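Coordinates in review
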Amino acid sequence: MIPIDLRSDTVTQPSPAMRQAMASALVGDDQFGEDPTVNALQERVASLLGKEAALWVPTGTMANQIALRTLTRPGDEVIVTRESHLAWHETGAASANAGVQLSEIGRGGVLTADEFLAARKPRGHMLFPPTTLVSLENTHNRAGGVVLSRALSEALCETARSHEVATFLDGARLWNATIALGEPPSALSSPFDVVTVAFSKGLGAPGGSLLAGSREVIARAVRYRRMFGGAMRQAGIFAAAALYAIDHQVDRLREDHSNARALAARVAESPQVQLDPATVCTNIVVFGLAPGAPDAPMVVARAKGAGVLVIAFGPRTVRAVTHRDVTREQCERAGTVLAEVTRG
Ligand SMILES: *Cc1c(COP(=O)(O)O)cnc(C)c1O
């Protein structure tokens, strides 16, 4: 039996048409700025995000790390949303590569302008690390694919700017937020100084993220991309997959969202599950296990035995992610299986 793989939207396979686009891509040495497909993607993404320039990098983690290195100095404080990818999923890179300290604030994937102001530390204080950057994540992974509204992003960024704090958006799944909110990408990205987007998640490309911002910031980021070992040569083969994804695989994310809601509705039928299906608005379902339920590793093992792959996100927290390589019927079946394995 082939398992229903809901561990992540990163398991998506490049489609035959995407592979075709990759095979026929025009390429060149990108470090000389001579890869026409990378150049086309960078221009396309900069324009979609309403920024002057964009830079191709191999992974989302590297994009985040380059952003930190470019926008901060060692010893600075960066305010991030609680359980952000930067703080939890990058193996300590922020302190190792940029030498910054992260403060996790807010709740449920969100932080308000007031919470930011309460946590922010001014420059020039005899005790405080200066807060020089604030980072949001849209959608927020560990909070369950939560979307940040345009209004919230604008209010926070305006407050940050008035205190000379730079703003960063980890938009690995910004495409999902645009579909969920019915907003164009630029509406959600333009409040921020620097924004990253990924092509390796629900968009189904084999890899690649882009970092977008002002020409000046992106020019500085080029150095750190090289420093971190991410400057490549004929990367147009990857860029072709990303361009194909922008044209053909963004709108269909709404199916993933609808499938996630269907899955969540079934999981929530178990009295052993803590999940309000109304909070599921994109392709990520994170649910808690009630006191009488088995723990997350046990639920994951039982689900695997029943042909459903999910991830333990904490001792009593499980994550399931829908994507283009699972059908509606498979998501519904997975929801039923997950509800069953949480009982007793
Ligand atoms: C996946 C992800 C990243 C990092 O992407 P990789 O390509 O796996 O390094 C960054 N931020 C968020 C929110 C993500 O979900």
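The structure reproduced in this document is the subject of the present report.

About the criteria used
- Residues numbered from 1 in each chain as written.
- Predicted model: local features only at pLDDT ≥ 70, side-chain atom pairs only at ≥ 80, totals over all residues.
- Heavy atoms only, no water.
- Core = buried A, V, L, I, M, F, W, Y, C linked by side-chain atoms within 4.5 Å.
- Buried < 20%, exposed > 50% of the residue type's maximum accessible area, 1.4 Å probe, protein only.
- Helix = DSSP H or I, 4+ residues; strand = E, 2+ residues; numbered from the N terminus.
- Contact = heavy atoms within 4.5 Å.
- Axes fitted to C-alpha atoms, helices over the stretch in contact; angles between N-to-C directions.
- Left-handed = near helix turned anticlockwise from the far one by under 90°.
- Nonpolar A, V, L, I, M, F, W, Y, C, P; charged D, E, K, R; others polar.
- Pairing = 2+ DSSP bridges.
- Near = heavy atom within 4 Å.
- Polar contact = N/O pair within 3.5 Å; in protein donor to acceptor, adjacent residues only side chain to side chain.
- Areas by Shrake-Rupley, 256 points an atom, 1.4 Å probe, with all protein chains shown as cover.

**Structural notes on the nonpolar core**
By size, the foremost hydrophobic cluster in this structure holds 46 residues, and its most contacted members are Leu41, Val45, Phe116, Leu174, Val197, Phe199 and Leu210. For this core, the leading source of residues is helix H11 (residues 236–248), giving seven residues. Apart from residues no more than four positions distant in its own chain, Leu210 is found in contact with Leu41, Gln42, Val45, Ala54, Leu55, Trp56, Val195, Thr196, Val197 and Phe199. Of all hydrophobic cores here, the second largest spans 27 residues; its members include Val285, Leu289, Val318 and Ala320.

**Comments concerning the packing of helix H3 (residues 60–71) against helix H10 (residues 215–227)**
Here H3 crosses H10 at 115°, and the two axes come no closer than 9 Å. Here H3 runs over H10; the crossing is right-handed. Residues Ile66, Arg69, Thr70 and Leu71 of H3 form the contact with H10, whose participating residues are Val217, Arg220, Ala221, Tyr224 and Arg225. Across the contact of H3 with H10, the residue classes break down as five nonpolar, one polar and three charged.

**Overview of the sheet that holds strand S2 (residues 53–57)**
An order of S2-S8-S7-S6-S5-S3-S4 is seen for the seven strands of this open sheet, with the pairing classed as mixed. Edge strands, defined here as strands with exactly one partner in the open sheet, are S2 and strand S4 (101–105). Taking the axes of each pair of neighbouring strands and ignoring which way they run, one obtains an average angle of 20° across the sheet. Of the strand pairs in this sheet, strand S3 (residues 77–81) and S4 are connected by five bridges, and their pairing is parallel. The residue of S4 that forms the bridge with Val80 is Glu104. Along the sheet, helix H2 (residues 36–49) contacts S2, strand S7 (194–198) and strand S8 (209–213); its crossing angle with S2, the most-contacted strand, is approximately 130°.

**Side note on the site of the ligand**
Around the ligand sit Thr59, Gly60, Thr61, Asn64, His85, Glu137, Asp170, Ala172, Arg173 and Lys201, and those are all the residues in its vicinity. The separation between an oxygen atom of the ligand and a polar main-chain atom of Gly60 is 2.9 Å. For the ligand, a nitrogen atom lies 2.6 Å from a polar atom in the side chain of Asp170. Here the ligand has 380 Å² of accessible area as a free molecule, and 84% of this is covered by the chains. In terms of residue count, H3 provides more of the shell around the ligand than any other element does, three residues in total. Within the shell around the ligand, the residues separate by chemical class into one nonpolar, five polar and four charged.

**Some words on the side chain of His257**
Looking at the secondary structure, you find His257 in helix H12 (residues 253–267). Since its relative accessible area comes to 3%, His257 is described here as buried. Those residues in contact with His257 that lie beyond four places of it in its chain are Asn176, Ile179, Ala180, Cys281, Thr282 and Asn283.

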